[in-house]
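A look at the structure
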Amino acid sequence: MNSVMTDPWSMLRIGISAMNMLSYDMTEPSTWDRSAEELVDRRSRPWDDADRRPSHQDRRNFLCHGILANEFNAALDSKSLPREIIDIMKKTAKTGG
């Protein structure tokens, strides 16, 4: 039998690699219609050229922040969370992580 099929860690690595490639490939099309101002926040990088086009990492960060905001909003709709957790989530969402 094939050793890849018998080793669960190999299967996990293959799955993680596939998800990473899919995430990498879908970043460009999913942010294609966004403006550069919307995608890029260079406040933490004052040395970076403000007129430079958004990098792939800028686009990935934009998507990650959007996904995180959606998850926070879904969790905040839950009435079963303790008030302290809700306050921490709101503070984290405001500061961007």
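Just so you know, these numbers come straight off a predicted model, no measurement behind them. Counting from 1, residues in each chain are numbered in the order their sequence is written. Only residues with pLDDT of 70 or above have their local features reported here, since the model is predicted, and side-chain atom pairs are shown and tallied only from 80 upward, although totals for entire chains, interfaces and linings are computed over all residues. Hydrogens and waters are ignored; side-chain quantities use all the structure's heavy atoms.

**A few points about the overall build of the protein chain**
Only DSSP runs of H or I covering at least 4 residues are called helices, and only runs of E covering at least 2 are called strands; the numbering of each starts at the N terminus. Scanning the protein chain for helices and strands turns up five helices and zero strands. Its helices and strands in sequence order give the protein chain the pattern α-α-α-α-α, from N to C terminus. Accessible area of the protein chain: about 8,000 Å², with a carbon and sulfur share of 59%. Residue burial considers only the protein chains on display, and all accessible areas are found by Shrake-Rupley using a 1.4 Å probe.

**Description of the pattern of salt bridges**
For salt bridges, the criterion is a side-chain nitrogen of Lys or Arg within 4 Å of an Asp or Glu carboxyl oxygen. The full count for this structure, using the stated rule, is four salt bridges. Its salt-bridge partner being R59, residue E28 comes within 3.5 Å of it at the nearest N-O pair. With a gap of 31 residues between them, E28 in helix α2 (residues 8-31) and R59 in helix α4 (residues 56-76) connect regions that are remote in the sequence. The cut-offs for exposure are 20% and 50% of the maximum accessible area for each residue type, with area from a 1.4 Å probe on protein chains only; residues under the lower value are buried, those over the upper are exposed, and the others partly exposed. On the basis of relative accessible area, E28 is assigned to the partly exposed category, the value being 26%. Salt-bridge contacts for D87 lead to R83; the nearest nitrogen and oxygen are separated by 3.3 Å. Remark: R83 and D87 occur in helix α5 (residues 83-95); sequence separation between them is four residues, near one turn of the helix.

**Here we look at a nonpolar patch on the surface**
Candidates for patches are residues over 30% relative accessible area with no salt bridge; among them, like charges are joined within 9 Å and nonpolar side chains (Val, Leu, Ile, Met, Phe, Trp, Tyr) within 5 Å. A cluster of nonpolar side chains, contributed by W9, L12 and I16, occupies part of the molecular surface with about 350 Å² of accessible area. Checked against the element boundaries, L12 lands in helix α2. L12 sits in the partly exposed class, given a relative accessible area of 41%.

**Considering α2**
A helix is expected to span 1.5 Å multiplied by its residue count minus one. If you check α2, its first and last C-alpha atoms are 35 Å apart, about what 24 residues at 1.5 Å a residue would give, namely 34 Å. At D25, α2 is bent by approximately 25°, the largest bend along its length, and proline P29 sits one to four residues beyond. Along α2, the residues classified as buried are S10, T27 and T31. Bending is quantified residue by residue as the angle between axes fitted to the seven-residue window ending at that residue and the seven-residue window starting at it.

**Overview of the environment of E38**
Along the chain, E38 falls in helix α3 (residues 36-39). The exposure class of E38 is partly exposed, given its relative accessible area of 39%. Measuring from C-alpha to C-alpha, the distance between E38 and F62 comes to 8.3 Å, with 24 residues separating the pair along the chain. A polar contact of 2.8 Å, which involves the side chain of E38, links it to the side chain of R34. Under this definition, polar contacts are N or O atom pairs within 3.5 Å; protein pairs additionally need one hydrogen-donor-capable and one acceptor-capable atom, and for neighbouring residues in sequence, both atoms have to be side-chain atoms.

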